[in-house]
Amino acid sequence: MGIRYFVNINMNTFYFIAFLSIFFSILVITAKNPVHSILYLVLTFFTFTVHYILLNAQFLAVVNFIVYMGAILVLFLYTLMLINLNKDSEPVKSNMVKIAAVLGGGCLLVVLVGCLKQVGVADPVLLKDPGLGLVQNLGKVLFNEFLLPFEISSLLLLSAMVGAVLLATKDPKPKSV
Amino acid sequence: MESLTNTIKSVPLNHYILLCSIIFSIGVMGVLLRRNAIIIFMSIELMLNSVNLLLTAFSVYHGDASGQVFVFFVMALAAAEVAVGLAIIVMIYRNTNSVDTNVLNRLKW
């Protein structure tokens, strides 16, 4: 009976966290100030981390926490600090365009949900192998089957770093043609 | 940890798909609604993350670890994309003094 109670609590936890992720992601796209928008995005990613923990994907939870919340969003904040936006720098779109945008996104959602209704399978997500998302298991898969993509991704990161430095540095002197 | 693995027994897969499609659509709406280039970029991150969560849910559902490895690659790709994209945004700001996407209408017919 104790386990049953616990399961119910955690099922409700999923729906609560799902509600929070939807709520914060709506706030991300509606906040006027870009800094608030980024802070709401941090909260959204935190709810995603909780989702990963509920799915017992511990490695992904840690990576999401460190890489997304720690690195990528700090990068966003620094860029915002560098370009020093004023509050009124973003001109408001006309209501027509706003309604069209919401309608477009809503149509996409309706199509996706309609496809989901056609499938009509509602099996519960059941963790068959408790060690599935642990570092040990994922490391074995990563370094056996996916060794070549792993090495290539290092090349990708290196080229991205070189490209970012190249793009962001100023030309020392204007080129004369 | 044993108790934690039992926790998600009663959440159907459909609800994960529903949650991820809602967040993906919010990301699409953000791209269409806003004109600030940085917020458009953040909406793209939102879409990437919703797909990541769905990949993880399917990976757990099928008991196959490849899905989670794929999410790891998507995260590496997103890091590279953010670095290059933000450099481009800084470049745009330096040249036009704004990050409004409507300023960049040179290719508009």
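Scroll up to find the structure.
Sequence order as written defines the numbering, with residues in each chain counted from 1. Chains carry letters and ligands carry numbers; both start at the beginning, A for chains and 1 for ligands, and go up in the order they are written. The predicted nature of this model means local features are confined to residues of pLDDT at least 70 and side-chain atom pairs, given and counted, to a pLDDT of 80 or more, with totals for whole chains, interfaces and linings taken over all residues. To obtain the side-chain values, all non-hydrogen atoms of the structure were included, while hydrogens and water were left out.

**Q** What am I meant to see in the interface of chain A and chain B here?
**A** Buried accessible area, meaning the area lost when the parts come together, often serves as the stated size of an interface. Note on contacts: a residue pair qualifies if any of its non-hydrogen atoms lie within 4.5 Å across the two residues. Each side of the interface is counted separately: chain A has 85 residues, and chain B has 77 residues. Note: buried area is the sum, over both parts, of the accessible area (probe 1.4 Å) each one loses when the two are combined. Of the roughly 7800 Å² buried between chain A and chain B on both sides combined, carbon and sulfur atoms contribute 76%. Between Lys or Arg on one side and Asp or Glu on the other, a salt bridge is scored when a side-chain nitrogen of the former is within 4 Å of a carboxyl oxygen of the latter. For the pair chain A and chain B, the number of links is zero salt bridges. Contacts described as polar in this section are N or O atom pairs within 3.5 Å, which, within protein, must combine one atom able to donate a hydrogen with one able to accept it, while residues neighboring in sequence count only if both atoms come from side chains. On the surface where chain A and chain B come into contact, there are five residue pairs in polar contact (both at pLDDT 80 or more). The biggest single contributor to the side of chain A that touches chain B is helix α1 (residues 2–30) of chain A, with 14 residues. For the side of chain A that touches chain B, the per-class residue count stands at 60 nonpolar, 17 polar and eight charged. Helix numbering and strand numbering both begin at the N terminus, where a helix is a DSSP run of H or I of at least 4 residues and a strand a DSSP run of E of at least 2. Ten residue types, Ala, Val, Leu, Ile, Met, Phe, Trp, Tyr, Cys and Pro, are classed as nonpolar, four, Asp, Glu, Lys and Arg, as charged, and the remainder, Gly among them, as polar.

**Q** Before we go on, may I ask you to explain unusual backbone geometry in this structure?
**A** Glycine aside, a negative phi is what most residues show, and trans is what most peptide bonds show. Residue and element names in this part refer to chain A. The backbone of Asn56 sits at a positive phi, close to 60 degrees, despite the residue not being glycine. The topology assignment puts Asn56 in the loop between α2 (34–54) and α3 (58–83). Exposure remark for Asn56: the relative accessible area of 2% places this residue in the buried category. Three labels apply to residues, based on accessible area from a 1.4 Å probe with only protein chains included: buried if under 20% of the type maximum, exposed if over 50%, partly exposed otherwise in between.

**Q** It is not clear to me how the packing of helix α3 (residues 37–62) of chain B against helix α4 (residues 66–96) of chain B should be interpreted in this structure. Could you clarify?
**A** Two measures define how a pair of helices packs: the angle their axes make with one another and the distance between the axes. Residue and element names in this part refer to chain B. Here an angle of 0 to 180 degrees is reported between the N-to-C directions of two axes, which are lines fitted to C-alpha atoms, with helices fitted over the stretch in contact. Where α3 contacts α4, the two axes come as close as 9 Å, and the packing angle between them is 175 degrees. By the criterion of interaxial angle, the relationship of α3 to α4 is roughly antiparallel. Counting all contacts with α3, which are made through Ala37, Ile38, Phe41, Ile44, Glu45, Leu48, Asn52, Leu55, Thr56, Ser59 and Val60, the residues of α4 involved are Gly67, Gln68, Phe70, Val71, Val74, Met75, Ala78, Glu81, Val82, Gly85, Leu86 and Ile89. Throughout, the term roughly parallel applies to angles under 35 degrees, roughly antiparallel to angles over 145, roughly perpendicular to angles from 65 to 115, and oblique to all others.

**Q** Teacher, can you tell me more about the packing of aromatic side chains here?
**A** The description of an aromatic ring pair uses the distance of the two centres, along with the angle that the planes make with each other. Two aromatic rings from Phe, Tyr or Trp, using only the six-membered ring of Trp, form a pair when their centres are within 6.5 Å; if the ring planes differ by under 30 degrees the pair is stacked, by over 60 it is edge-to-face, and anything between is tilted. In the structure shown here, the tally under the stated rule is 13 aromatic pairs over all chains. Between Phe45 of chain A and Tyr68 of chain A the ring centres are 4.9 Å apart and the planes differ by 65 degrees, which places this aromatic pair in the edge-to-face class. Taken together, the positions of Phe45 of chain A in helix α2 and Tyr68 of chain A in helix α3 put the pair 23 residues apart, joining distant regions of the chain. The class for Phe45 of chain A is buried, based on a relative accessible area of 0%. For the pair Phe72 of chain B and Phe73 of chain B, a centre-to-centre distance of 6.1 Å together with 55 degrees between the ring planes defines the contact as tilted. For Phe73 of chain B, a relative accessible area of 16% corresponds to the buried category.

**Q** Mind showing me how you'd approach a nonpolar patch on the surface here?
**A** Residue and element names in this part refer to chain A. What makes a patch is a set of residues exposed beyond 30% relative accessible area and free of salt bridges, joined within 9 Å when like-charged and within 5 Å when nonpolar (Val, Leu, Ile, Met, Phe, Trp, Tyr). The Shrake-Rupley method, run with a 1.4 Å probe sphere, supplies the accessible areas, and residue values consider only the shown protein chains as cover. Taken together, the side chains of Phe46, Val62, Phe65 and Ile66 make up a nonpolar region of the molecular surface, amounting to roughly 380 Å² of accessible area. Element by element, the count of residues in the nonpolar patch is highest for α3, at three residues. Note on Phe46: relative accessible area 40%, which makes it partly exposed.

**Q** I keep staring at the pattern of salt bridges and nothing clicks. Help me out?
**A** Residues and elements named next belong to chain B. Under the counting rule described, the total for this entry stands at one salt bridge over all chains. Between Asp100 and Arg35 there is a salt bridge, with its nearest N and O atoms 3.0 Å apart. In this pair, Asp100 sits in the segment after α4 while Arg35 sits in the loop between α2 (13–33) and α3, placing the two residues 65 residues apart along the sequence. The two residues Asp100 and Arg35 agree in class, both being buried.

**Q** Is there a simple way to explain the side chain of Thr79 of chain A in this structure?
**A** Within the fold, Thr79 of chain A resides in helix α3. The class for Thr79 of chain A is buried, based on a relative accessible area of 7%. A polar contact is formed between the side chain of Thr79 of chain A and the backbone oxygen of Leu75 of chain A, at a distance of 2.7 Å. When residues no more than four places from it in sequence are discounted, the contact partners of Thr79 of chain A are Ile38, Leu86 and Val90 of chain B.

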